[in-house]
Amino acid sequence: LANGGTQIDTVALLDGPLDEREVAATYQRFVATARIAHARIDFLGAAFAAHQAKSGASFPIDVRIDGGRMFVTANRSADARIRPGDEIVTIDGRPARRWSERYRRWVSADTDRLADTIVEYRLPALLWLDRGSRLPFDLMVRQRAGGQFRTRILPLDAKAQAANATGRPTPFALDPGRSVKMLAPGIAYLRPGPFYNPDGEAWDNRAFVAFIDRAFADFAAAGASSLI
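Conventions and cut-offs
- Residues numbered from 1 in each chain as written.
- Predicted model: local features only at pLDDT ≥ 70, side-chain atom pairs only at ≥ 80, totals over all residues.
- Heavy atoms only, no water.
- Salt bridge = Lys/Arg side-chain N within 4 Å of Asp/Glu carboxyl O.
- Helix = DSSP H or I, 4+ residues; strand = E, 2+ residues; numbered from the N terminus.
- Buried < 20%, exposed > 50% of the residue type's maximum accessible area, 1.4 Å probe, protein only.
- Phe/Tyr/Trp six-rings, centres within 6.5 Å; stacked < 30°, edge-to-face > 60°.
- Lys NZ or Arg CZ within 6 Å of the ring centre and 35° of its normal.

**Examining the pattern of salt bridges**
Reasoning step 1: Considering all chains together, one arrives at 14 salt bridges under this definition.
Reasoning step 2: D112 serves as the salt-bridge partner of R35, at 3.3 Å between the closest nitrogen and oxygen. Here R35, found in the loop between α2 (20-31) and α3 (45-53), pairs with D112, found in helix α5 (residues 112-131); they are 77 residues apart in sequence, far enough to count as distant.
Reasoning step 3: For R35, a relative accessible area of 42% puts it in the partly exposed group.
Reasoning step 4: For D112, a relative accessible area of 39% gives the class partly exposed.
Reasoning step 5: Where R113 meets E120, a salt bridge forms, and the shortest distance between an N and an O atom there is 3.6 Å.
Reasoning step 6: For E120, a relative accessible area of 15% gives the class buried.

This is the structure we're talking about:
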């Protein structure tokens, strides 16, 4: 409400009957104008998951957005020429930067970098919301090794994406688990993992706190002076 004409602009979008997903998307677009990451509704997750559960197709490439540029992190399309580190220059003839900027309208985020990070991992769902799942994607790809090429990528279901991923280079995957050890005399290593509880009530932090307390007690007992 504090953002000038936002309320009027949002109401102007309501020019006909909307289904539940469209109502939620319109409301999220309004909520996102606050530019606060936690001021959001999960309007897309359940709908996209239901689409995938019905063997629905989606964009088969994972990306990282850096300075407005879109780089491939994993390729599950039928075109094996696309490799991690390549840059997607355009999608359907429009610069990749324009797509990420377009989808920020549905993203609640305090900064542009955070907005890009959210768009990164939601890109297949956002493309599905915006374009549906039947149209192919025309890409211009700039190869990390040099050169560039055009390709047409079809949306694929999860089974087809998994089959295409077999035998291809995969990006580095960080282990989300917790670990603690001494690497060398005086040097301790701690991977805290998620601060929430992944095995039960999410905000019950007692197991996490106990893990951290034990880790530092063990470090002190081992004479650690440096921590990684």
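From this point, the discussion proceeds with the structure in view.
**Focus on the packing of aromatic side chains**
Reasoning step 1: Under the criterion given, the structure shown has six aromatic pairs.
Reasoning step 2: For the pair Y103 and W106, a centre-to-centre distance of 6.0 Å together with 20° between the ring planes defines the contact as stacked. The pair formed by Y103 and W106 is uniform in burial state, with each residue classed as buried.
Reasoning step 3: Summarising the aromatic geometry, the rings of F216 and F219 are spaced 5.7 Å apart at their centres and angled 75° between planes, so their arrangement reads as edge-to-face. Pair noted here: F216 and F219 are both in helix α7 (residues 206-222), with a separation of three residues, about one helical turn.
Reasoning step 4: F216 sits in the partly exposed class, given a relative accessible area of 42%.
Reasoning step 5: The buried category is assigned to F219, whose relative accessible area is 6%.
Reasoning step 6: Following the ring pairs from residue to residue traces out a cluster consisting of W99, Y103 and W106.
Reasoning step 7: Across the ring face of W99, the terminal group of R94 is positioned such that the distance to the ring centre comes to 4.6 Å.

This is a description of form; function is not addressed.
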